[in-house]
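# Breakdown of the fold
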Amino acid sequence: MEALMKVGMIGLGAMGVHMARNLHKAGLLHTVWNRTPAKATTLASELSCTVAENVRQLGSVCDAVVICISADEDVRAVVAELGSAMKHGGLVIDCSTVSADTAREAARLLATRGVDFLDCPVSGGVEGARAATLAIMAGGEAGAFERAQPILQALGKTIALLGPSGAGQATKATNQILCAGVIQAVAEAMAFAAAEGLPLTQVIETLGKGAGSSWYFVHRAPYMAQGSFPAGFRVRLHAKDLRICRSMAARHGAKLPVVEATLDDYKDLVDQGHGDEDISVLFRLKEELFGGE
């Protein structure tokens, strides 16, 4: 069954296009669909797979579907279409970053159609998607998680089932809070180093092996040193994720200072026209603390 599994991919953005390529390498990719048809057509030509005319058509010909799109409302709409098209016993794996409530709602809807659902948000950036080394945090039933292994192993290196539906998204929200705190610290430290006149490349090489290092420092401090911020994780998308974190925390009566400060900074960056750049562009604001432009 696993060897014959036909997998569809919905969402061919910066992450999804690499995930689709890795599914193809594993011999699993059957059909693709993207809201912008040209992306799907181009990739299908590259990989010699099928392009679906719509979500329903993709769902009707696939045993499993991987979703990687941006917003809660889009996930709800896609899941509703898949639910009415997929065969009993199908599997939907959502790698989008949405709220835990959206994941639970999707799982309930698909369960009524006999289709399993896993919320499987990912971390590792475009680099991880390209290299198939993503960290995948899953929520759902253990049986569905086991069935999904050939797919998940084609996409990532660290794969964990964290609990029932919604647990994957709750874990991803935890990750996004960590990312906010780390990128704040990295940007502030790099602005400080620049103000001190230090050789930034050497600082990165040295501190990258020290106690204060992190994935973001090693992979994004070089952007700051170069003053160029190509989109890996866009400001707009992280801001969307942090608003989800804010809403989830509010249900506990909590307000998270790191989240709030980062959202304020991201609003400034979006207003300045930097919303589609990598979140390392936060360095621009930190430079201003030292009188930089």
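The preceding data block contains the structure.
Only a predicted model underlies this, so the values are computations on that prediction, with no experimental measurement involved. (Residues numbered from 1 in each chain as written. Predicted model: local features only at pLDDT ≥ 70, side-chain atom pairs only at ≥ 80, totals over all residues. Heavy atoms only, no water.)

Turning to the packing of helix 13 (residues 257-271) against helix 14 (residues 282-289), a few remarks are in order. The contact between helix 13 and helix 14 brings their axes to 9 Å, and the two run at 100°. Between helix 13 and helix 14, the interaxial angle falls into the category roughly perpendicular. Where helix 13 approaches helix 14, its residues Asp 265, Asp 268 and Leu 269 are matched on the opposing element by Leu 282, Leu 285 and Lys 286. Its residues assigned to classes, the contact of helix 13 with helix 14 shows three nonpolar, no polar and three charged. (Axes fitted to C-alpha atoms, helices over the stretch in contact; angles between N-to-C directions. Helix = DSSP H or I, 4+ residues; strand = E, 2+ residues; numbered from the N terminus. Parallel < 35°, antiparallel > 145°, perpendicular 65-115°, else oblique. Contact = heavy atoms within 4.5 Å. Nonpolar A, V, L, I, M, F, W, Y, C, P; charged D, E, K, R; others polar.)

Right, let's talk about the packing of helix 4 (residues 72-83) against helix 5 (residues 100-111) for a bit. When two helices pack together, you describe them by how their axes are tilted relative to each other and by the distance separating the axes. Two numbers describe how helix 4 lies on helix 5: the axes approach to 10 Å, and their chain directions differ by 10°. Classified by the angle between their axes, helix 4 and helix 5 sit roughly parallel to one another. Facing helix 4, whose interface residues are Asp 72, Val 75, Arg 76, Val 79, Ala 80 and Gly 83, helix 5 presents Thr 102, Glu 105, Ala 106, Leu 109 and Leu 110.

Before going further, it helps to examine the pattern of salt bridges. In the structure shown here, the tally under the stated rule is 13 salt bridges. Put simply, Asp 101 and Arg 251 hold a salt bridge, and the shortest N to O gap is 2.4 Å. With Asp 101 in helix 5 and Arg 251 in the loop between helix 12 (235-250) and helix 13, this residue pair connects regions lying 150 residues apart in the sequence. The exposure class assigned to Arg 251 is exposed, which follows from its relative accessible area of 57%. (Salt bridge = Lys/Arg side-chain N within 4 Å of Asp/Glu carboxyl O. Buried < 20%, exposed > 50% of the residue type's maximum accessible area, 1.4 Å probe, protein only.)

Applying the stated criterion to the full structure yields two aromatic pairs. Here Trp 215 and Tyr 216 contribute two aromatic rings whose centre-to-centre distance is 5.2 Å and whose plane-to-plane angle is 85°, an arrangement assigned as edge-to-face. Judged by its relative accessible area of 34%, Trp 215 falls in the partly exposed class. What makes Tyr 216 buried here is its relative accessible area of 10%. (Phe/Tyr/Trp six-rings, centres within 6.5 Å; stacked < 30°, edge-to-face > 60°.)

Another point: a nonpolar patch on the surface. Together, Phe 192, Leu 289 and Phe 290 give the surface a local cluster of nonpolar side chains, amounting to about 330 Å² of exposed area. Exposure remark for Phe 192: the relative accessible area of 47% places this residue in the partly exposed category. (Patch = residues over 30% accessible without salt bridge, like charges linked within 9 Å, V, L, I, M, F, W, Y side chains within 5 Å. Areas by Shrake-Rupley, 256 points an atom, 1.4 Å probe, with all protein chains shown as cover.)

Walk down a regular strand and you will see the side chains alternate between the two sheet faces. Going residue by residue along strand 5 (residues 91-94), you find Leu 91 and Ile 93 tucked away on one face and Val 92 and Asp 94 tucked away on the opposite face as well. As paired elements, strand 4 (residues 64-67) and strand 5 share four bridges and run parallel to each other. Bridge pairing in strand 5 links Ala 64 to Leu 91. Viewed along the sheet, the connection from strand 4 through helix 4 into strand 5 turns out right-handed. Sheet topology places strand 5 next to strand 6 (residues 116-119); four bridges connect them, and they run parallel. The partner of Ile 93 across the bridge, within strand 6, is Leu 118. Once the chain exits strand 5 it traverses helix 5 before rejoining the sheet at strand 6, and the crossover so formed is right-handed. (Pairing = 2+ DSSP bridges. Right-handed = clockwise from strand over helix to strand, strands pointing away.)

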